[in-house]
Amino acid sequence: MVLNLGILISGNGSNMVNIAKHCKLKNINCNIKIVLSNKNCGGIKKAKKLNLKSMILEPNKFKNRESYENKVSTLLRDHNVNLVCLAGYMLKLGKKFVKKWEKKIINIHPSLLPAFKGINAQEQAYREGVIFTGCTVHFVDQYLDTGQIIDQRIVKIDRNKPLKDLVKKILNEEHKLYINVLKKLSKEN
Ligand code: GRF
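Everything numeric in this text was worked out from a predicted model, so none of it was measured.

Trainee: It is not clear to me how the sheet that holds strand β6 (residues 132-139) should be interpreted in this structure. Could you clarify?
Mentor: Each strand in a sheet pairs with its neighbour through backbone hydrogen bonds, running either in the same direction (parallel) or in the opposite one (antiparallel). Within the open sheet, the 7 strands sit side by side as β3-β2-β1-β4-β5-β6-β7. Their pairing is mixed. Where the open sheet ends on each side, the last strands, each with one partner, are β3 (54-56) and β7 (149-156). Each adjacent strand pair in this sheet contributes to an overall mean axis angle of 20 degrees, direction not counted. Across 3 bridges, strand β2 (residues 30-37) lies against β3 in parallel orientation. Bridge pairing in β3 places Ser37 opposite Ile56. On the sheet, helix α6 (residues 163-188) packs against β1 (3-9), β2, β4 (83-86), β5 (105-109), β6 and β7 and is oriented at approximately 150 degrees with respect to β7.

Trainee: Sorry, what's going on with the nonpolar core here?
Mentor: In globular proteins that are soluble, nonpolar side chains generally tend to be buried together. Counting residues in each nonpolar core, the largest one holds 40 residues, and the members touching the most others are Leu5, Ile7, Ile19, Ile32, Val35, Ile106 and Leu182. With 9 residues, the top contributor of residues to this core is α6. If we ignore the near neighbours within four places in the chain, the residues touching Ile19 are Leu5, Ile7, Ile28, Ile32, Tyr178, Ile179 and Leu182. Within the second largest apolar cluster, 19 residues are counted, among which are Leu57, Leu75, Leu93 and Ile105.

Trainee: Even after reading the chapter, I still don't get the packing of aromatic side chains, so can you show me in this structure?
Mentor: Working definition: an aromatic ring pair is given by the centre-to-centre distance plus the angle between the planes. Scanning all chains against the criterion turns up 2 aromatic pairs. Centroid distance Phe62 to Tyr68: 5.7 Å. Interplanar angle 65 degrees. Geometry classified as edge-to-face. The buried category is assigned to Tyr68, whose relative accessible area is 2%. The lysine or arginine in question, Lys103, covers the ring of Phe139, its NZ or CZ lying 5.1 Å from the ring centre. Of note, Arg159 hangs over the ring of Tyr126, and the distance from its end group to the ring centre comes to 5.7 Å.

Trainee: Got a minute to help me understand helix α5 (residues 121-128) in this structure?
Mentor: Looking only at α5, the buried set comprises Ala121, Gln122, Ala125 and Tyr126. All buried residues of α5 lie within an arc of 140 degrees about the axis, which places them on one face of the element. Facing away from the buried side of α5, by more than 90 degrees, are the exposed residues Arg127 and Glu128. Those residues of α5 hidden inside the fold are in contact with β5, β6 and α6. At the exit of α5 stands Gly129, carrying a positive phi of roughly 95 degrees.

Trainee: How do you make sense of the pairing of β6 when you look at a structure like this?
Mentor: Side-chain positions along a regular strand alternate between the two faces of the sheet. By the criterion of burial, β6 is predominantly enclosed, with 7 of the 8 residues buried. In the sheet, β5 pairs with β6 via 4 bridges, with the strands oriented antiparallel. Bridged to His109 within β6 is Thr136. Inspection of the sheet shows β6 paired to β7 by 7 bridges, in the antiparallel sense. Its bridge partner lying in β7, Phe132 is registered against Lys156.

What counts, and at which threshold
- Residues numbered from 1 in each chain as written.
- Predicted model: local features only at pLDDT ≥ 70, side-chain atom pairs only at ≥ 80, totals over all residues.
- Heavy atoms only, no water.
- Pairing = 2+ DSSP bridges.
- Helix = DSSP H or I, 4+ residues; strand = E, 2+ residues; numbered from the N terminus.
- Axes fitted to C-alpha atoms, helices over the stretch in contact; angles between N-to-C directions.
- Contact = heavy atoms within 4.5 Å.
- Core = buried A, V, L, I, M, F, W, Y, C linked by side-chain atoms within 4.5 Å.
- Buried < 20%, exposed > 50% of the residue type's maximum accessible area, 1.4 Å probe, protein only.
- Phe/Tyr/Trp six-rings, centres within 6.5 Å; stacked < 30°, edge-to-face > 60°.
- Lys NZ or Arg CZ within 6 Å of the ring centre and 35° of its normal.
- Arc of directions from axis to C-beta.

If you want it as structure tokens, here you go:
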């Protein structure tokens, strides 16, 4: 089945750009229908450059978080989205939104979940002394970084190198992982 993607971002958008590249190359059976960000960020500029439909919706312009998420949901539905991809989206989604899109939201996280949930997961792993870390794509539930794991990729930590090298190495693997997961999901549905 063709996956109609709604991509939610808050930052650089490198995963989003990579997904767009693979859509264009027809490596994956997906279309990006809309890119939404909760703030002005590098990723939104990149989406515009790629001629993707994109929008900034700032939560503080809404009455409360629920009405903000209702608007996000309506926009996704209006654009025929059937899979919501979180790619560096830094806000936790509310229970109602998650229920509406049950098993239709996936997220990428820069650690081998369930280890190192939350922010700065790469740094958490680097400081903890583990030998391997990596990245995970999982379905999103109402809690933080706890939903069912879809797939992971492993990265070996080299402590002779600075943390920023690890972050880069993981991001590189994230790009491959997200594409593999989209391939898998489009075949399953
Ligand atoms: C990635 O490390 C992702 O795992 C995390 O946020 C970062 C987003 O990177 N959730 P980008 O915006 O796709 O470049």
